[in-house]
Amino acid sequence: MIKKLLLFFMILGSMAAQAQNTFSVSGVVMGEDGETLPGVSVIVKGTSRGVSTGFDGTFKLNDVVAENTLIFSFIGMKPQEYLVGNQTHFEVSLMNDVESLEEVVIVGYGVSKSKDLTAPIASVGTEELKSMSNASAVASIQGKVAGVNIVNNGAPGEAPKVNIRGAASINDDAQPLYVVDGMFVDNINFVNPADIETMTVLKDASASAIYGVKAANGVILITTKSGTKNQKMSVSYDGYYGVQEVTQRLQMANSAQYAGFMRASGDPDLIGHVDNAIAMYGGANGVPSVSTDWYNELIKSAPIQNHSVSLNGGTDKSSYSFGLSYFDQGGIMDYGQGNYERLSLRTRVDTDVSDHLKIGFNMMLSTEKKNLDENMAWFQAYTNNPMYPVMDADLDDSRAYPVKFANAQDLGYNTYYNNPAAVAYYQSDNSQNTVRVLPNIFAELKPFAGEDITFRTSLNLDYRREQGRYFTPEYQVGDNLQQINTLKKDHIYNTNMIWDNTATWLKNYGNHNITVLAGFSVREENWRILTATAQGVADPNYINTGDESTRTATDNGTRYRGLSGFSRVSYNYADRYLVSATMRADGSSKYQDKWGYFPSVGLGWVVSEEQFFQNLNQSTIDFFKIRSSYGLLGNDNGPSNNGFASINNGGLNESGVFGPGNMLPGMIQNGVYSYLTWEMTEEFNIGFDTKLLDYRLNVEGDYFIRNTRDMIIRPTPPNGLQPTLQNAGTMQNRGIELAINWSDKIGDFHYSIGGNATYIKNQMTDLNGAPYIQEGSAEYPQMLMPGESIYAFYGYKIEGIYQNQAEIDDCPIAQANNLKPGDFKYQDVNDDGVIDEKDRQILGDPNPDWVYGLNLNVGYKGWSLSAAFMGSQGATIFNRKRADINKHPRNNIDANLANNFWTGEGSTNAYPSAEGMFNTWNNGRLNDFFLEDASFFRLQNVRISYSLPQSVLEKLKMTNATIFVNADRPYTWFNTNGFTPEVYQGVDQSVYPIPAVFSLGANLTF
């Protein structure tokens, strides 16, 4: 009934409006300087009817009525609204829009105006976060925020790796702190991107120090959507459906190329495998008839979709926001079961209980189901020869069971080689189901009327339950077999709590503006795990159906408690001189040293507010600020202390003393206590922010030095003792960030272009006096070495290929090592006539020197086109797949090697011969043949959208209707021999391909 009445009154109002007299209005629009403005949009409010001012700033608009309101808008200026009334001529003056300077930015435990910031902080809105089809919102900012380097992963639901201003630690868990509505979390995969209002990246120590011991790797603040007071309920839908495709596939040698390479090696054993394949599956002219492209067999198209519905609104006392979403991403590995599903619910209600008291409740609930593909199948697809098929129906159960997968052993290969499709099929019955609940309640009290003092208390909980199930069935694939099935189950429980209490005081005394924040926080982190295994289970879901003699169960857990006090003082004089200082004291139960102290200070000078600058400036520079900051941060993500030393049985000659005079023979202490504390990072930053040309051009730049000390390393101890973790390493990151954005509007046409670039130089500076610490494997080391970047590749530099016997005869090194033409010629670094470990040198590292992005947007009326690009320069990756031929000479080779290997004098000076490829001189040590330039440039996203005009929306009773088509990562320019140059820590072995996504979607609001 209410809807019918509303419809009746709307129709009645429309008829009344049409009955009124219409007339024409005209006028002129000028800027603050009195100059006329062309291209100003003049729109009748609530409709799509309007015109643009001409070159002389004038306009004329027909068919208006006295009740209409005209909206005048122009890029870089504040929009103005005028009621028509009886006026027929308007002279409008638009003021420069400094709203971007007044924009409120989320900072730690509070907010700040953009113009008052003394630290580099980047904010990303919901539209940017929804622009790509990703499970995690943080993946969508790749290439869009200066100083942030993101390495994505193509596996369904896998969280990206994120570095903010370089690696702050050598530990794998050196990821940023995510704060979701006040709760500390390790990733945001559980958050639907459409539920995020803003993502704020705190990049330097001054901005992050308020989070103390959690902040050394940077902080990313997530604020979810809330409702608006005095707004009727609106219903919105955001969704898309797409297809994932691997558009750039690694080309491997086909059977003809593989057979030719093996015959060229001259090895009878390798040639025999080729002949076996011909005998078993047929062939002609020495080439097997079967030629399987294992990557093509493993790759399939997979769907991806996301659907979100939200309700928002409010009364004069309350606001509310509810959201429900479903995300589903299929895996692109054929024969596997990879998939990720997420169902999430979000609710938020804020209420003004009185003029002094406000309370609120926020809750996020998510259920995630992840089926895991077996990544080793990608590695097997590289190493396996192409001469046998995926399936062989002629095999009996003794060679293939239960599925008739063909095998490499029937061609004479050992069990190292397993059918990649079979690996994907039999090793993919693994799942992780997670339920996560994050409730938050808060209360804000303003006890004194007219005084800007606010007390706030908030309680955040994070309850997560994860159930893992990993099942391997019985199977037979040639000589690779699983004679009895195995089942493993994990039950993991995380319960984290944070109770924050703050008091904020704001006061203005003329030109003096002061904000003081003080607070304390209590936190507790609990982790429990129960693991059970069994073999021969009758039901693959239950441990107790397995063989009783094989059942095992283990449990473990940790509990950490923390207490923190923190404060921040911000001072602003006349919007010209800015000071911000913070201090946080963190107490933790994780280490023997219970307390750490993390201060910071930031200074800013708004030069454009100075009279001398305004006298010099001729309206070109609208805003110019210089800022500088220093701060100290902590990182407690490393391992905790070992609280005990190990005591083991010794020989008859050993004894130990336990207490006064108590000597027990036959015991020896082999372990030592570790004494660890948090890693410390101090950072200095200097930068500027400027806005030019009527606020259409924005430029931001920063230079920073970030030093990490007390880094947890494992130095080699004296006297052959067991290595023990110590806070003994130091590291530095130095860098430059630059971001430039331009936006403008000409009538109904608007456009923007923006770019950012980051240069970072990372280097170890000390390892407790040690010359290096070796990571990686013995033959393929990655080094921690003072003066070099972390995980640097350390090996032999190739100067070329021995082309003929004369070169061999003239080279003592070649003669001493029985080399042949087609072998590598290494650089003799110390000129001693011997190639040994003294000739090793740094050959590169996996850390990019430059990361950059470019964004383009154009629009005309309801149409919009956007494109995003990003790239990386200077990183090196190790092609572990190709190097595996060292230990397994029967491996397949990639097409790049198959087409370019040395075949005689002058054929190449970069690739070895087929025979040489199997020589340990060439493949048994790390050299730059196996290292590849990981630089790349990618078309990150292309999006075309159309929004229905206001006149149509009114008829449909809608406020927005936009449809779009999207292409994510459709093409990447790169030179590595893999699916992607994005490889975390630089070793390409079993990297899951990152697919392109082509999708169609809509945004609707009622």
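We now turn to the structure provided with this report. (Residues numbered from 1 in each chain as written. Predicted model: local features only at pLDDT ≥ 70, side-chain atom pairs only at ≥ 80, totals over all residues. Heavy atoms only, no water.)

### Remarks on the environment of Ser935
The residue Ser935 is located in the loop between strand E52 (931–933) and strand E53 (936–947) in this model. Here Ser935 falls in the buried class, since its relative accessible area comes to 11%. The spatial distance from the C-alpha of Ser935 to the C-alpha of Thr976 is 8.5 Å, given a sequence separation of 41 residues. The residues touching Ser935, leaving out its near neighbours within four places in the chain, are Ser872, Gln873, Gly874, Ala875, Trp973 and Phe974. In this structure the side chain of Ser935 is engaged in a polar contact, spanning 3.4 Å, whose partner is the side chain of Gln873. Within the local environment of Ser935, its side chain forms a polar contact with the side chain of Asp933, the two groups lying 2.8 Å apart. (Helix = DSSP H or I, 4+ residues; strand = E, 2+ residues; numbered from the N terminus. Buried < 20%, exposed > 50% of the residue type's maximum accessible area, 1.4 Å probe, protein only. Contact = heavy atoms within 4.5 Å. Polar contact = N/O pair within 3.5 Å; in protein donor to acceptor, adjacent residues only side chain to side chain.)

### A short note on the pattern of salt bridges
Once their charged atoms are close, side chains differing in charge can pair, the charge on each being opposite to the other. Following the criterion strictly, the structure yields 38 salt bridges and no others. For the salt bridge of Asp479 with Arg399, the shortest nitrogen-to-oxygen distance reads 2.9 Å. Within this pair, whereas Asp479 is found in the loop between strand E27 (475–477) and strand E28 (480–482), its partner Arg399 is found in the loop between helix H8 (376–383) and strand E24 (400–401), the two being separated by 80 residues in sequence. Relative accessible area serves as the criterion here: at 40%, Asp479 is assigned to the partly exposed category. For Asp462, the salt bridge is made with Arg436, and the minimal N-O distance between the two is 2.8 Å. On the criterion of sequence distance, the pair formed by Asp462 in strand E26 (residues 453–472) and Arg436 in strand E25 (residues 430–445) is long-range, its members being 26 residues apart. Each member of the pair, Asp462 as well as Arg436, is classed as buried. Several salt bridges converge on common partners, so that one network encompasses Arg165, Lys203, Glu683, Arg706 and Glu737. (Salt bridge = Lys/Arg side-chain N within 4 Å of Asp/Glu carboxyl O.)

### Considering the nonpolar core
Generally speaking, nonpolar side chains in soluble globular proteins are found buried as a group. Core analysis: the biggest nonpolar cluster contains 48 residues, and Val138, Ile141, Ile188, Met199 and Tyr211 have the highest contact counts within it. Apart from the residues within four sequence positions on either side, Ile188 is in contact with Ser136, Ala137, Val138, Tyr178, Val180, Met199 and Ile222. One finds Met252, Val274, Val423 and Val477 within the second-largest nonpolar core, a separate group that totals 42 residues. (Core = buried A, V, L, I, M, F, W, Y, C linked by side-chain atoms within 4.5 Å.)

### Let's talk about the environment of Thr552
Position of Thr552 relative to the elements: it lies in strand E31 (residues 552–573). Its relative accessible area of 44% is what places Thr552 among the partly exposed residues. When the C-alpha atoms of Thr552 and Arg706 are compared, they prove to be 47 Å apart, with 154 residues separating the residues in sequence. Not counting residues within four places of it along the chain, the set of residues in contact with Thr552 comprises Thr531, Ala532 and Thr533. A polar side-chain atom of Thr552 sits 2.3 Å from a polar atom in the side chain of Thr533.

### Notes on the packing of helix H5 (residues 255–265) against helix H6 (residues 268–281)
Relative orientation of the contacting elements H5 and H6 amounts to 145°, with a least axis distance of 8 Å. Between H5 and H6 lies a crossing of left-handed hand. Together, Ala259, Met262, Arg263 and Ser265 of H5 and Leu270, Ile271, Val274, Asp275 and Ile278 of H6 make up the contact between the two elements. For the contact of H5 with H6, the per-class residue count stands at six nonpolar, one polar and two charged. (Axes fitted to C-alpha atoms, helices over the stretch in contact; angles between N-to-C directions. Left-handed = near helix turned anticlockwise from the far one by under 90°. Nonpolar A, V, L, I, M, F, W, Y, C, P; charged D, E, K, R; others polar.)

### Some details on H8
Quick reminder: α-helices carry 3.6 residues per turn. Residues three or four places apart thus point the same way. Of all the eight residues making up H8, seven are buried; the element is thus mostly covered by neighbouring parts of the structure. Looking only at H8, the buried set comprises Ala377, Trp378, Phe379, Gln380, Ala381, Tyr382 and Thr383. Looking at the buried residues of H8, the elements they touch are helix H7 (294–298), helix H9 (420–426) and helix H13 (880–883).

### Here's the deal with the sheet that holds strand E15 (residues 196–202)
With mixed pairing, the five strands of this open sheet are ordered in space as E10-E15-E16-E13-E14. A strand with exactly one partner marks an edge of an open sheet, and here the two such strands are strand E10 (121–125) and strand E14 (183–185). Averaged over all pairs of adjacent strands, the angle between strand axes in this sheet comes to 20°, irrespective of strand direction. As paired strands, E15 and strand E16 (residues 219–224) are joined by six bridges and run antiparallel to one another. Residue pairing for E16: Thr200 is matched across the bridge by Leu221. (Pairing = 2+ DSSP bridges.)

Spatial relationships are all this shows, so hold off on functional conclusions.
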